[in-house]
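# Descriptive analysis of the structure
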Amino acid sequence: MRRRGAAGAGGRFLLLLLPRGALLLLLGVCNALSLEIKASPKVQAYVGEHVLLKCSFKSSSPITENLLVDWTYRPLTGGQMERVFHYQSIPYPTAAGKFKDRISWAGNVANGDASIAIQNPALSDNGTFICSVKNPPDVYHNLPQTVLLVTERGLAFQLSSAALLSLLVFLPSLLVVILLLVRMGRKFRVLKEKGKCGYKKSSIEVSDEPEHTDRAGCGGKIKEWCLNCVDTDEEDP
């Protein structure tokens, strides 16, 4: 009776261990056959300018023609995920929807690159992109998300070739004008200092002055001489 009881207890113990062992085995297989995928969490883009969505992966299995790459998209406003790109040996861009003829393959699976490019992004393209890679038997992986934010570039950065050429011509001319003004200012300052230090006028400058100044000078001298004479007469006894 004791032996039968011990056997029954051992059987129940084995039954308890089997699910745990199977679970651990399953987790070990999943870890061995997992893929590691990396993607940029946020990408800034500008309206009408080419933008790259990077995605890289590492697989424990050799790369084969069975490798699959899928890119899905969900708008910022919400809604269901839609597949916008598929790759299996060759790229298969979406043939319908807002990204038709605007998504191209920019990756290289041999180097673990599953990136795509978007041409002429628009404000309505803002949303979340998810890169998914499967390389059988490696099919278990994380799902990194990339948020695309498309904005309009500021006017300060919108320089056309003509505007840039005009700027290159204008800057040297402005520099020359500034140098001339500085030089003229220095000359004017020197002439002003010479005038303060008793600068003698030329004969031409003296002849050009009005004659009444000399008369006024002579009249003043005569007046002063007369006043001196009066003072001397008053002092005599």
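Residues numbered from 1 in each chain as written. Predicted model: local features only at pLDDT ≥ 70, side-chain atom pairs only at ≥ 80, totals over all residues. Heavy atoms only, no water.

All right, on to the sheet that holds strand 9 (residues 116–118) then. As summarised here, the arrangement of the 3 strands in space is 3-9-8, forming an open sheet in which the pairing is antiparallel. Single-partner strands in this sheet number two, and they are strand 3 (51–53) and strand 8 (103–105). Within the sheet, the average angular offset between the axes of one strand and its neighbour, ignoring direction, is 30°. Pairing geometry for strand 3 and strand 9, over 3 bridges, is antiparallel. Looking at the pairing, L53 lines up with I116 of strand 9. (Pairing = 2+ DSSP bridges. Helix = DSSP H or I, 4+ residues; strand = E, 2+ residues; numbered from the N terminus. Axes fitted to C-alpha atoms, helices over the stretch in contact; angles between N-to-C directions.)

On to the pairing of strand 12 (residues 145–151). One face of the sheet, then the other: side chains in a regular strand alternate in exactly this way. Only one face of strand 12 is buried: it carries T146, L148 and V150, and the other face, with Q145, V147, L149 and T151, is open. Pairing geometry for strand 2 (residues 42–46) and strand 12, over 5 bridges, is parallel. Looking across to strand 12, one finds that A45 is bridged to V150. With 4 bridges joining them, strand 10 (residues 127–134) and strand 12 adopt antiparallel strand pairing. Within the sheet, the bridge partner assigned to I130 lies in strand 12 and is Q145. (Buried < 20%, exposed > 50% of the residue type's maximum accessible area, 1.4 Å probe, protein only.)

All right, on to the pattern of salt bridges then. Counted by the stated rule, this structure contains 4 salt bridges. Of the charged contacts, one joins D70 and R83 as a salt bridge, the two residues approaching to 3.4 Å between their closest N and O atoms. You can see D70 sitting in strand 5 (residues 68–75) and its partner R83 sitting in strand 6 (residues 82–88), a full 13 residues away along the chain. With a shortest N-O distance of 3.0 Å, R102 and D125 are connected by a salt bridge. Of this pair, R102 sits in the loop between strand 7 (90–93) and strand 8 while D125 sits in the loop between strand 9 and strand 10; the two residues are 23 residues apart in sequence, bridging distant segments of the chain. Of the two residues examined, R102 and D125, each falls in the buried class. (Salt bridge = Lys/Arg side-chain N within 4 Å of Asp/Glu carboxyl O.)

Let us now look at the nonpolar core. Within the largest apolar cluster, 26 residues are counted, with the highest numbers of intra-cluster contacts made by L53, F57, W71, I118, F129, V133 and L148. Once residues lying within four places of it in the same chain are set aside, the contact partners of L53 are V43, W71, S115, I116, I118, F129, T146 and L148. (Core = buried A, V, L, I, M, F, W, Y, C linked by side-chain atoms within 4.5 Å. Contact = heavy atoms within 4.5 Å.)

Moving on: the environment of N142. Topologically, N142 is positioned in the loop between strand 11 (140–141) and strand 12. Once the C-alpha coordinates of N142 and S34 are considered, the two residues, 108 residues apart in sequence, prove to be 8.7 Å apart. From its side chain, N142 meets the backbone oxygen of I37 in a polar contact 3.0 Å long. (Polar contact = N/O pair within 3.5 Å; in protein donor to acceptor, adjacent residues only side chain to side chain.)

Pairing is mixed across the open sheet formed by 3 strands, whose spatial order is 4-1-11. Each edge of the open sheet carries a strand with a single partner, namely strand 4 (55–59) and strand 11. As paired strands, strand 1 (residues 34–39) and strand 11 are joined by 2 bridges and run parallel to one another. The residue of strand 11 that forms the bridge with S34 is Y140.

This brings us to unusual backbone geometry. Put simply, P136 and P137 share a cis peptide bond, and its omega is 10°. With phi around 75°, S89 is a residue other than glycine that occupies positive phi space. Checked against the element boundaries, S89 lands in the loop between strand 6 and strand 7. Backbone geometry places N120, a non-glycine residue, at a positive phi of 50°. Looking at where N120 falls in the secondary structure, it is placed in the loop between strand 9 and strand 10.

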